[in-house]
Amino acid sequence: MRRDNVIVVGAGPTGLVTALGLARAGVEVTVLESDPAIVDSPRAVVYHWAVLDGLDRVGILEEAIRTGFANPELCIVVLKTGEKIRLNINALAGEVTHPYQVHLGQDKLAEIAVAHLLRSPHARVRWSTRVVGLRQDGAGVSVSVVSPAGPERLEAGWVIGADGGHSTVRQLLGLRMDGMTWPERFVATNIRYDFARYGYAPANVVIDAPYGAIVAKIDHAGLWRCTYCEADSLPEETILERMPAYFQAALPGEKRYELVRYSPYRMHQRCVDRMRVGRVVLAGDAAHITNPTGGLGLTSGLYDAYVLHEALAAVIHGEADEGVLDRYSEERRRAFLEHASPEASNFKRMVYHAKSDEELQAQLEGFRAAARDQSLQRLIFLTAKKLETPSLIGRPAR
Ligand SMILES: Cc1cc2nc3c(=O)[nH]c(=O)nc-3n(C[C@H](O)[C@H](O)[C@H](O)COP(=O)(O)OP(=O)(O)OC[C@H]3O[C@@H](n4cnc5c(N)ncnc54)[C@H](O)[C@@H]3O)c2cc1C
C-alpha cells in the first residue's frame, strides 16, 4: 500500500525546518536524530535577512528574534589599519519585510523548531535513533535504525536525508560529493570579550592575512563568536596551545579574553550530482557543503527546506507531480554551484588570504563606495537573494 508519511533524517536546522513545514501542511512526519539531543557545537550564528521570511512562514521567526536578537549593522574591519567600513541592512527598508539579520546559535534555533514540532499533532522526534539502512520500492521506503531499544525497521512514503556533511543517507544512496577540500581549517570560538568597546558592530568581517576573522555577537551577555583560520596541516590536538598567539595578534584592544568553547572544522566546496533518488531526497549539508565565510552554508540549507517542504507536501496531497522533486534537485544544485559556492570561496579569499595590498584595496573600494551610497549598499545586500529558489509549485513567496 502506498504510504504518505515522511521520515526526516537529522535534527539539524535543515531537517527540523523541513519537518515543521510538512507538519504545518498536515503531513505526518517523524524526525530521526542519532544524537541524544540537539548538537550544540559552535556553528551558524547569523541568519541573513533573506531567509527570515521562510522562518516566519514556518512560525518560528518571532521566537528566534526574542531568543536571539535582530541586527541591521555590519562592519568591515581592516585589522592592520583599524579602518572600519560600516554598512546597514536598513538600505533595504521599505523594500523587504525584515531589513535586518538575526543572531542566534543554530542549536537555539533548532530548540525552538523542536518545541514547535512537539506541539504539532502531525510530528514526532526520536532521539538516539541512528539510520543505518534504506530500501525503497515504488510504494515507499523501509528505513533501518538502531536505537537504545535495539535495531528496528520503520516505513515511510518518503525520506529526507538532512543528516549533515557526513550524511549516511547520501552514502546509502551511493551518491558522490564532487568538489574540493581547502588546505586550511576553521577554528570557531565562543569568547567573552568586549568587541563593541573597540567600535565593532554586532557583525564584522575582519580582513587580514593571516589573522582575518568573522566576529559576531551571540548574545547580550558578552558572548561573541570569532572564527579564524589556520593551516589544516597543523596538529588539531595543539589548537589550544596556538590560540593565545592568534588572539594576541587579532584582538583590537586589551588582550584578555575568556574562551568559552571552540571547535575546529575542515572546509570543503562540494555538491552531490543529484539530490533525489526515487523516494529519497537530500537537503542541507547532506547535499552541498561550503566553507562558512559569509554564512551561506545554512542559508543554502534553509532555502532547500523552504522549497522542499512545500513541494513534497503538494506531491503527497496530490496537488503536484513527483517531477517537482527533480526540479527541486536541479534548482538547488544550480543555486549552490552558481552562487553559494563561488561567493563563499571569493569571500574566504578576501577575508583571510588577500594576496597583495593592491588586490585588497580594490576590493575595499567597493565597500567604501557602498558605505557612501545607499543604492550600492542595497545591491550588496540583495545578493543573498540569488541563493533562493522561488516556489516550485507556483505559490507566491513573500
Ligand atoms: C564554524 C562554522 C560557522 C558557520 N556559520 C554559519 C553562519 O553564520 N551562517 C550559515 O548560514 N551557515 C554557517 N555555517 C554552516 C552551518 O553550520 C551548516 O550549513 C548547517 O549546520 C547545516 O545544517 P544541516 O541541518 O544541513 O546539517 P547539520 O547541522 O550537520 O545536522 C545534521 C544532523 O543529522 C544528524 N545525523 C547524522 N547522521 C545521522 C544518522 N545516520 N541518523 C540520524 N541522524 C543523523 C546529526 O547528528 C545532526 O544533528 C557554519 C559552519 C561552521 C562549521
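The following refers to the structure shown. Residue numbering note: each chain is counted from 1, following its sequence as written. For a predicted model such as this one, the threshold for reporting local features is a pLDDT of at least 70, and the threshold for listing and counting side-chain atom pairs is 80 or more; totals across whole chains, interfaces and linings nevertheless cover every residue.

1. Considering the overall build of the chain
Working definition: helices are DSSP H or I runs of at least four residues, strands are E runs of at least two. Numbering for both runs from the N terminus. Regarding its fold elements, the chain presents 10 helices and 20 strands. As defined in this context, the radius of gyration uses C-alpha atoms, and a globule is described by 2.2 Å times the residue total to the power 0.38. Here the C-alpha radius of gyration of the chain, 21 Å, is about what a compact globule of 398 residues would show, namely 21 Å. A principal-axis box enclosing the C-alpha atoms of the chain has dimensions of 70 × 50 × 35 Å. Comment: burial labels come from other C-beta atoms within 10 Å of the residue's own C-beta, placed from the backbone, where a count of 20 or more is buried, 12 or fewer is exposed, and between is partly exposed. A total of 398 residues make up the chain; the buried ones form 47% of that total. Working definition of a contact: two residues with C-beta atoms, positioned from the backbone, lying within 7 Å. For the chain, long-range pairs separated by at least 24 residues make up 75% of all intrachain contacts whose partners lie at least 6 apart in sequence.

2. Some points on the pairing of strand β5 (residues 73–78)
Residues in a regular strand project their side chains so that they alternate between the two faces of the sheet. A pair of strands is considered paired only if DSSP assigns at least 2 bridges between the two. Taken together, the five bridges between β5 and strand β6 (residues 84–88) define a ladder with antiparallel strand orientation. From the neighbouring strand, Leu74 faces β6, where its bridge partner is Leu87. Counting the residues between successive antiparallel strands, the hairpin from β5 to β6 contains five residues, one of them, Gly82, with a positive phi of roughly 80°. Sheet topology note: the β5/strand β14 (residues 203–207) ladder contains five bridges and is parallel. Across the sheet, Cys75 pairs through a bridge with Asn204, a residue of β14.

3. Things to note about the site of the ligand
Nearness is defined per residue: the C-beta atom, placed using the backbone, must lie within 6 Å of the molecule or strand. What surrounds the ligand is a group of 35 residues, the closest being Gly10, Gly12, Gly164, Gly284 and Gly297. Counting only elements with at least two residues in the shell around the ligand, the list comes to α1 (13–24), β9 (130–136), β13 (177–192) and α7 (296–316). Sort the elements by how many residues they give to the shell around the ligand and α7 lands first, with four residues. We call Asp, Glu, Lys and Arg charged. Ala, Val, Leu, Ile, Met, Phe, Trp, Tyr, Cys and Pro are nonpolar, and the rest, Gly among them, are polar. Tallied by class, the residues present in the shell around the ligand amount to 15 nonpolar, 14 polar and six charged.

4. Quick word on the sheet that holds strand β3 (residues 46–47)
Where strands meet in a sheet, backbone hydrogen bonds hold them as pairs that are either parallel or antiparallel. Ordered by their spatial adjacency, three strands build an open sheet running β3-β7-β4, and the pairing between neighbours is antiparallel. Sheet topology places β3 and β4 (69–71) at the edges, where each strand pairs with a single neighbour. Bridge analysis of β3 against strand β7 (residues 101–103) gives two bridges, and the strand direction is antiparallel. Opposite Val46, over in β7, you have His103 as the bridge partner.

5. Some points on the sheet that holds strand β16 (residues 223–231)
On the basis of which strands lie adjacent, the open sheet formed by eight strands has the order β6-β5-β14-β15-β16-β13-β17-β20 and mixed pairing. This sheet does not close on itself; its edge strands, each paired only once, are β6 and β20 (288–289). Relative to strand β17 (residues 258–272), helix α8 (residues 323–353) is tilted by about 135°, and along the sheet it contacts β14, β16, β17 and β20. Only the stretch in contact is used when a helix axis is fitted, and all axes are lines through C-alpha atoms; the angle between N-to-C directions ranges over 0 to 180 degrees. Across the face of the sheet, helix α9 (residues 357–372) comes into contact with β5, β6 and β14 while running at roughly 45° to β6.

6. What about helix α6 (residues 239–250)?
Taking 1.5 Å of rise per residue, the 12 residues of α6 would be expected to cover 16 Å, and the 16 Å separating its terminal C-alpha atoms lies within 8% of that figure. Where burial is concerned, little of α6 is hidden: zero out of the 12 residues are buried. In a helix, the anticipated span is given by 1.5 Å times the number of residues less one.

7. What about unusual backbone geometry?
For the bond running from Ala209 to Pro210, omega is 15°, close enough to zero to count as cis. Topologically, Pro210 is positioned in the loop between β14 and β15 (213–217).

8. Here we look at the packing of α1 against α7
Across the interface, α1 lies against α7 with an axial gap of 8 Å and an inter-helix angle of 25°. With respect to each other, α1 and α7 are oriented roughly parallel. When the axes of α1 and α7 are compared, the crossing they make is right-handed. Facing α1, whose interface residues are Pro13, Thr14, Val17, Thr18, Gly21 and Leu22, α7 presents Leu298, Gly301, Leu302, Asp304, Ala305, Leu308, His309, Glu310, Leu312 and Ala313. For classification, angles of less than 35 degrees are called roughly parallel, those exceeding 145 degrees roughly antiparallel, those between 65 and 115 degrees roughly perpendicular, and all remaining angles oblique. Less than a right angle of anticlockwise turn of the near helix away from the far helix marks a crossing as left-handed, whereas a clockwise turn marks it as right-handed.

9. A word on helix α4 (residues 106–118)
The terminal C-alpha atoms of α4, which comprises 13 residues, lie 18 Å apart, in line with the 18 Å expected from a rise of 1.5 Å per residue. Among all positions in α4, only Gln106, Leu109, Ala110, Ile112, Ala113, Val114, His116 and Leu117 are buried. The inward-facing, buried residues of α4 contact α1, β2 (29–32), α3 (61–67), β8 (123–126) and α7.

10. Notes on the packing of α7 against α8
α8 packs onto α7 with a crossing angle of 170° between their chain directions and a minimal axis gap of 11 Å. Between α7 and α8, the angle falls in the class roughly antiparallel. The segment α7 lies against α8, with Leu296, Ser300, Tyr303, Asp304, Val307, Leu308, Ala311, Leu312, Ala314 and Val315 engaging Val324, Leu325, Tyr328, Arg332, Ala335, Phe336, Ala340, Glu343 and Ala344. For the contact of α7 with α8, a count of residues per class yields 15 nonpolar, one polar and three charged.

11. Examining the environment of Ser233
Counting through the fold element by element, Ser233 comes out in the loop between β16 and α6. In this structure the C-alpha to C-alpha distance between Ser233 and Pro183, which are 50 residues apart in sequence, comes to 7.5 Å.

12. What about the environment of Leu376?
With respect to the helices and strands, the residue Leu376 is situated in helix α10 (residues 374–382). Sequence spacing of Leu376 and Ala91 is 285 residues, and the spatial spacing of their C-alpha atoms is 9.0 Å. Sequence-distant contacts of Leu376, defined by excluding residues within four places in its chain, comprise Ala369 and Ala370.

13. A closer look at the environment of Ser356
Along the polypeptide, Ser356 turns up in the loop between α8 and α9. Along the chain, Ser356 and Thr81 lie 275 residues apart, while their C-alpha atoms are 15 Å from each other.

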